[in-house]
Amino acid sequence: MGLLDQEFSDSNIVITKAEDLLNWARLSSLWQLGFGLACCAIEMMATSASHYDFDRFGVIPRPSPRQSDIIIISGTVTLKMALRIKRLYEQMPDPKYIISMGSCSNCGGPYWEHGYHVLKGVDRVIPVDVYVPGCPPRPEALLEGLLKLQEKIRTESLSKKSA
Amino acid sequence: MKKADEILELLKSNFPDLPIEMDSETPTEPIISVPPKEIDKIGVFLRDNEELLFDSLMCLSGVDDANGEKIKEADESESIKGGTLSVYYHLHSTSLKHKITLKVSTERESPEVESVEGVWKTADWHEREAYDMFGIIFLNHPNLQRILMPYDWDAGYPLRKDYKNPEFYKGMKVPY
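Residues numbered from 1 in each chain as written. Chains lettered and ligands numbered in written order. Predicted model: local features only at pLDDT ≥ 70, side-chain atom pairs only at ≥ 80, totals over all residues. Heavy atoms only, no water.

Teacher, can you tell me more about the overall build of chain A here?
Each helix and strand in chain A was counted, giving 5 helices and 7 strands. Ordered by position in the sequence, the α and β elements of chain A form the string β-β-α-β-α-β-β-α-β-α-β-α. Relative to the 2.2 N^0.38 estimate, which gives 15 Å for 163 residues, the radius of gyration of chain A is 17 Å and therefore close to what a compact globule would have. Projected onto the principal axes, the alpha-carbon positions of chain A cover approximately 65 × 35 × 25 Å. Within the span of chain A, comprising 163 residues, buried residues form 42% of the whole. Long-range pairs, those at least 24 residues apart, make up 73% of the contacts in chain A with a sequence separation of at least 6. Of the roughly 8,500 Å² that chain A leaves accessible, carbon and sulfur atoms contribute 55%. Each charge class in chain A was averaged separately, 18 positive and 18 negative side chains, and the resulting centres sit 11 Å apart. (Helix = DSSP H or I, 4+ residues; strand = E, 2+ residues; numbered from the N terminus. Rg over C-alpha atoms; globule rule 2.2 N^0.38 Å. Buried < 20%, exposed > 50% of the residue type's maximum accessible area, 1.4 Å probe, protein only. Contact = heavy atoms within 4.5 Å. Areas by Shrake-Rupley, 256 points an atom, 1.4 Å probe, with all protein chains shown as cover. Lys, Arg positive; Asp, Glu negative; His and termini not counted. Charge placed at Lys NZ, Arg CZ, Asp CG, Glu CD.)

Next comes the structure, spelled out in C-alpha cells:
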C-alpha cells in the first residue's frame, strides 16, 4: 500500500487517503532527539554518519525534545537517568515514538542482577515501540529497528494510535 | 627512590607516638597501616618531605573488610555487625619515581576518616565516591555528598557487603 501506487503519471496527481498521507509524512521524517547514553550511542552515531547514513530514512538529530518525533534510548538507563529520560519524553510533542536500543535499555542487560543503579528496562518508565537486541547492536540492526518502526507507523490509524 | 621499609622508618621516626605498621605479606605490594584520624598530617609529611615528595595520589578507594559478626536475618539475607571499613591510598612521586600504599581502618558503625582533600586535591571526588559507596565519613571534607548515586538515595551504601537493594525508587521497580 505504497503512497505512490495510485499516481497518475501525466498530471502530477496522487489519489490516497488522508490517513495514508499523514502516516507517510510521519514515517518519512522521523526526527530523532540527539541523545545518547552509553556504548550503544557510539553505534547510533556510526549509524548517523556517512557510511550507514540514517538521513536517507529521514532521521535527523534534533537538539531539542520539542522538535523531535523519536527518541532512541541508546544505552544503560540508570535510576538517576530514568527520571530525566521520562522528563525528555514528556517534553516531546505527539505523535512520538521510542526505540529501545541494546540489551541494557531492553531489560537491564549485564546489570540485570547486581546492577544496584540500573533500571531493568526503559519500558518501566516510558512505552517502547521497537526493541533492538544486541550488546551493542550493529548499525544494521538499528536500521532494521527503524524500518520496523516505519512499518508500524504506516499502518497507524487516525482514530486509534497503534504504535 | 625509596623502598617501602625505608619509608616506614621515616614515618616512624617522625610520628613516634602513632601506631604505624607495615604488612609485607601481601603478594602485590607492602601496605603501611596508619590511624584514620592522623592521615591528613601523615599525608602532608609524605608530600613535603624532601626524601619522599609524594606529589600524586594515584587512587583512593574504600573497602568493606566484612570482618565483623555475620547475622542471619529472617529473610535469609545476611547483615554484618562490627568489624572495619578501610580506605586505601596509592601514592606516587613523579620526581623520585617511588610508590607506596597506605591503609586506614575505621569502625563499621561510625566510620570516620580525616579528609586528605587539603593535601591532594584529587581526593575530593575519590572521597565522595568512598562516602557514596561505603558510607565512610571524611572529616573536614569541603563538600561531602553523594557523587554517583542520586542525591536523595536513602537505601544505604551499595558496595557494602550486606547491602540490600530497595524494592522501589521513586515509583520505579528496582529488582529484575
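I would appreciate a short explanation of the interface of chain B and chain A in the present structure.
Note: interface size is frequently given as the accessible area lost on complex formation between the parts. Taken together, the 17 residues of chain B in the interface contact 14 residues of chain A. Summing both partners gives a buried area of about 1,300 Å² for chain B against chain A, and 70% of it is carried by carbon and sulfur. The largest share of the area that chain B buries against chain A comes from M172(B), V174(B) and Y176(B), three residues that together contribute 46% of it. If you look at where chain B meets chain A, you find 0 salt bridges. When its residues are assigned to classes, the side of chain B that touches chain A shows 14 nonpolar, 1 polar and 2 charged. (Buried area = accessible area lost by both parts, 1.4 Å probe. Salt bridge = Lys/Arg side-chain N within 4 Å of Asp/Glu carboxyl O. Nonpolar A, V, L, I, M, F, W, Y, C, P; charged D, E, K, R; others polar.)

Mind showing me how you'd approach helix α3 (residues 123-134) of chain B here?
The periodicity of an α-helix, 3.6 residues per turn, causes residues three or four places apart in sequence to face the same way. All names here are of chain B. Its 12 residues place the ends of α3 16 Å apart at the C-alpha level, agreeing with the 16 Å of an ideal helix rising 1.5 Å per residue. Of all the positions in α3, only A123, E127, R128, A130, Y131, D132, M133 and F134 are classed as buried. Against β3 (56-64), β6 (84-92), β8 (112-114) and β9 (137-139) lie the buried residues of α3. Of the residues one or two after α3, G135 is the one with positive phi, at around 75°. (Expected span 1.5 Å × (residues − 1).)

Got a minute to help me understand the nonpolar core in this structure?
Proteins that are soluble and globular tend to have nonpolar side chains buried together. Among the nonpolar cores identified, the biggest contains 57 residues, and I73(A), I32(B), L46(B), L60(B), Y89(B) and V116(B) are the most heavily contacted of them. Taken together, the elements giving at least two residues each to this core come down to β5 (70-74) and α3 (79-91) of chain A together with α1 (4-14), α2 (39-48), β3, β6, β7 (99-107) and α3 of chain B. Here this core gets 5 residues from one element, more than from any other, and that element is α1(B). When residues no more than four places from it in sequence are discounted, the contact partners of L60(B) are V87(B), Y88(B), Y89(B), V116(B), A123(B), H126(B), E127(B), A130(B) and F138(B). M44(A), V59(A), Y97(A) and I99(A) belong to the second-largest nonpolar core, a separate cluster that totals 20 residues. (Core = buried A, V, L, I, M, F, W, Y, C linked by side-chain atoms within 4.5 Å.)

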